[in-house]
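# Structural overview for review
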Amino acid sequence: METWVQVLIRSVAIFILLLAAVRFMGKRSIARITPFHAVSYIVIAVLAALVSANALINPVLGFISLGVWVIGTIALEYLALKSKWVHDLIYGKETVLIKHGRVMEQSLLKARLTGEELLRALRAKNAFSLADVEFAVLETTGDISVFMKSDKKPATARDLEIKTAPLTEPQTVILDGNILNEPLASLGLNREWLGTQLEKLGVSLDNVFIAQVDSSGELYVDLFDDSVQNPQPKVKEMLYAGLEKGQADLSAFALQTQDENAKKMYNKNAKKLEDLLKMLKPYLLK
Amino acid sequence: MTVASQVKQVLAALKGSQGTLRLYAAQTQEEETRAVYDEAVDTTTEIIRDLEKRLSVLEYQEPQYKGN
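The structure presented is a predicted model; accordingly, all values stated were derived computationally and were not measured. Within every chain, residues take consecutive numbers counted from 1 along the sequence as written. Lettering of chains starts at A and numbering of ligands starts at 1, both following the order in which they are written. Residue-level local features of this predicted model are given only where pLDDT is at least 70; pairs of side-chain atoms are given and counted only at 80 or more, and the full residue set underlies all totals for whole chains, interfaces and linings.

### Overview of the pairing of strand E1 (residues 95-99) of chain A
Residue and element names in this part refer to chain A. What counts here: Two strands are said to pair when DSSP picks up at least two bridges between them. The numbering of helices and of strands both runs from the N terminus, where a helix is a DSSP run of H or I of at least 4 residues and a strand a run of E of at least 2.
Across three bridges, the pairing between E1 and strand E3 (residues 133-138) is antiparallel. Its bridge partner lying in E3, Ile-98 is registered against Ala-136. The pairing of E1 with strand E2 (residues 102-103) spans two bridges and is antiparallel. Within E2, the position partnered with Lys-99 by the bridge is Arg-102.

### Regarding the sheet that holds E1(A)
Strands sit in the order E2-E1-E3-E4 (chain A) across an open sheet of four strands; the sheet is antiparallel. Lying at the two open borders of the sheet, with one neighbouring strand each, are E2 and strand E4 (144-148) of chain A.

### Thoughts on the packing of helix H9 (residues 235-256) of chain A against helix H10 (residues 260-284) of chain A
Helix packing for two helices is described by the angle between their axes and how far apart those axes are. Residue and element names in this part refer to chain A. This is how the line gets drawn: In this description, a line fitted to the C-alpha atoms serves as the axis of each element, helices being fitted only across the stretch in contact, and the angle between N-to-C directions of two axes falls anywhere from 0 to 180 degrees. To sort the angles, those under 35 degrees are grouped as roughly parallel, those over 145 as roughly antiparallel, those from 65 to 115 as roughly perpendicular, and the leftovers as oblique. Left-handed describes a crossing whose near helix is turned anticlockwise from the far helix through less than a right angle; right-handed describes the clockwise counterpart. We call two residues in contact whenever the C-beta atoms placed from their backbones are within 7 Å. Only Asp, Glu, Lys and Arg are considered charged in this grouping, and only Ala, Val, Leu, Ile, Met, Phe, Trp, Tyr, Cys and Pro are considered nonpolar; every other residue, Gly among them, is considered polar.
Their axes nearest at 8 Å, the elements H9 and H10 cross at an angle of 160°. The angle between H9 and H10 places the two elements in the roughly antiparallel class. The hand of the H9/H10 crossing is left-handed. Residues Lys-236, Glu-237, Leu-239, Tyr-240, Leu-243, Glu-244, Gly-246, Gln-247, Leu-250, Ser-251, Phe-253 and Ala-254 of H9 pack against Lys-263, Tyr-266, Asn-267, Asn-269, Ala-270, Leu-273, Glu-274, Leu-276, Leu-277, Leu-280 and Leu-284 of H10. When the residues that make up the contact of H9 with H10 are grouped by side-chain class, the tally is 13 nonpolar, five polar and five charged.

### Thoughts on the sheet that holds strand E8 (residues 219-223) of chain A
Residues and elements named next belong to chain A. In space, the four strands of this open sheet follow the order E6-E5-E7-E8, with antiparallel pairing throughout. The strands lining the two open edges of the sheet, one partner per strand, are strand E6 (178-179) and E8. Looking at chain direction, strand E5 (residues 171-175) and E6 are connected through two bridges and run antiparallel. Bridge pairing in E6 places Leu-175 opposite Asn-178.

### Considerations on helix H2 (residues 31-61) of chain B
Selection criterion: What a helix should span is 1.5 Å times the count of its residues minus one. Burial in this document is a count-based property: other C-beta atoms within 10 Å of a residue's C-beta are tallied, and the residue is buried at 20 or more, exposed at 12 or fewer, or partly exposed in between, with C-beta positions derived from the backbone.
If you check H2(B), its first and last C-alpha atoms are 45 Å apart, about what 31 residues at 1.5 Å a residue would give, namely 45 Å. Burial in H2(B) covers these residues: B:Thr33, B:Val36, B:Tyr37, B:Ala40, B:Thr43, B:Thr44, B:Ile47, B:Leu51, B:Arg54 and B:Leu58. Lining the buried residues of H2(B) we find H10 of chain A together with helix H1 (3-27) of chain B.

### Considerations on the interface of chain B and chain A
Of the residues lining the interface, 21 residues belong to chain B; the matching set on chain A comes to 25 residues. Elements with a contribution of two residues or more to the side of chain B that touches chain A: H1 and H2 of chain B. The residue inventory of the side of chain B that touches chain A, partitioned by class, reads eight nonpolar, eight polar and five charged.

### Here we look at unusual backbone geometry
Residues and elements named next belong to chain A. With phi around 55°, Arg-112 is a residue other than glycine that occupies positive phi space. For Arg-112, the location among the structural elements is in the loop between helix H5 (105-110) and helix H6 (115-124). The exposure class of Arg-112 is exposed, given the 7 C-beta atoms found within 10 Å. Positive phi is not limited to glycine here, since Asn-126 has a value of about 70°. Checked against the element boundaries, Asn-126 lands in the loop between H6 and E3.

### Side note on the pairing of E4(A)
Residue and element names in this part refer to chain A. One ladder, built from five bridges, connects E3 with E4; its direction is antiparallel. The residue bridging Val-133 from the neighbouring strand is Met-148, located in E4. In this structure, the hairpin formed by E3 and E4 is closed by a connection of five residues, where Gly-142 is found at a positive phi of approximately 95°.

### A closer look at the packing of helix H1 (residues 3-24) of chain A against helix H2 (residues 35-52) of chain A
Residue and element names in this part refer to chain A. Remark: H1 packs on H2, axes separated minimally by 8 Å, with the N-to-C direction vectors making an angle of 155°. Here H1 is positioned roughly antiparallel relative to H2, judged by the angle of their axes. Counting all contacts with H1, which are made through Arg-10, Ser-11, Ile-14 and Leu-18, the residues of H2 involved are Ala-48, Val-51 and Ser-52. Across the contact of H1 with H2, the residue classes tally to four nonpolar, two polar and one charged.

Okay, here's the thing in structure tokens:
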């Protein structure tokens, strides 16, 4: 057999083999691999290149070596899933670098980290002042995770005691002017509903690039024609304003009427509407 | 504009709002949100009932404006 045919066959074989092997090795991102994985990936890559370029005297040996590395890596990963001991062996353990706001110099030394590097990593996590850090840990991938002191953490709606409406992820129902049936059906809506909504907004289907429906059933559209002001849903705001107006009117009636009973009734209902508005606010105004 | 027609206006607006609330209650996916909208529909129903009662009293007192 001619050499070029051999190289061709071998390269194709290695190509397919590696494709399968890499899929088997999981979805780990290259930026997040441990040193052990980095080494095994490089060895596999170099071996594959050598075998496929016919640089080895005996290609069978190359295949054996490649097989050992691929199967060994996959087997170790499987064992690591099953056993904590193996997991610690190949991944190592994370190192606590800052505890209770104090830097653990011993750990820094063990991890071969200088103070400069620690500060740079903290800055990358937006912790410019060491005083703001309660806890920091060096992950096995080399990343540093930072836990800020409780008063330096970003405030959440809960901290501010604001009631928020539960929101689930929106579904994309139109892409590139095409209606996507599956997400629409998962919301319990159909094409007729979408047609009516688009008609209400005054846009045609061909002009819609992306349309999303949120969990409350409101439609947001982005148009191809960017010179047109995007018609956005204002129904909720209008509903809130309408109820607010009703509440104001009832209060006014209570002031105008001479009838004691009617006054009481108006006041009671104005109060009811006020409570209702308070309850609906997180749902209607975002 | 008479008092009765003012009340009528508010009543109509409230009924419109109630319809929108009912629509939201029907099309929302979450249980919690639906419960809030359902409660809102109930509250508006009570208010509408009170206003309708008041309206019939007003129309009885001022029959000449009835239907305006």
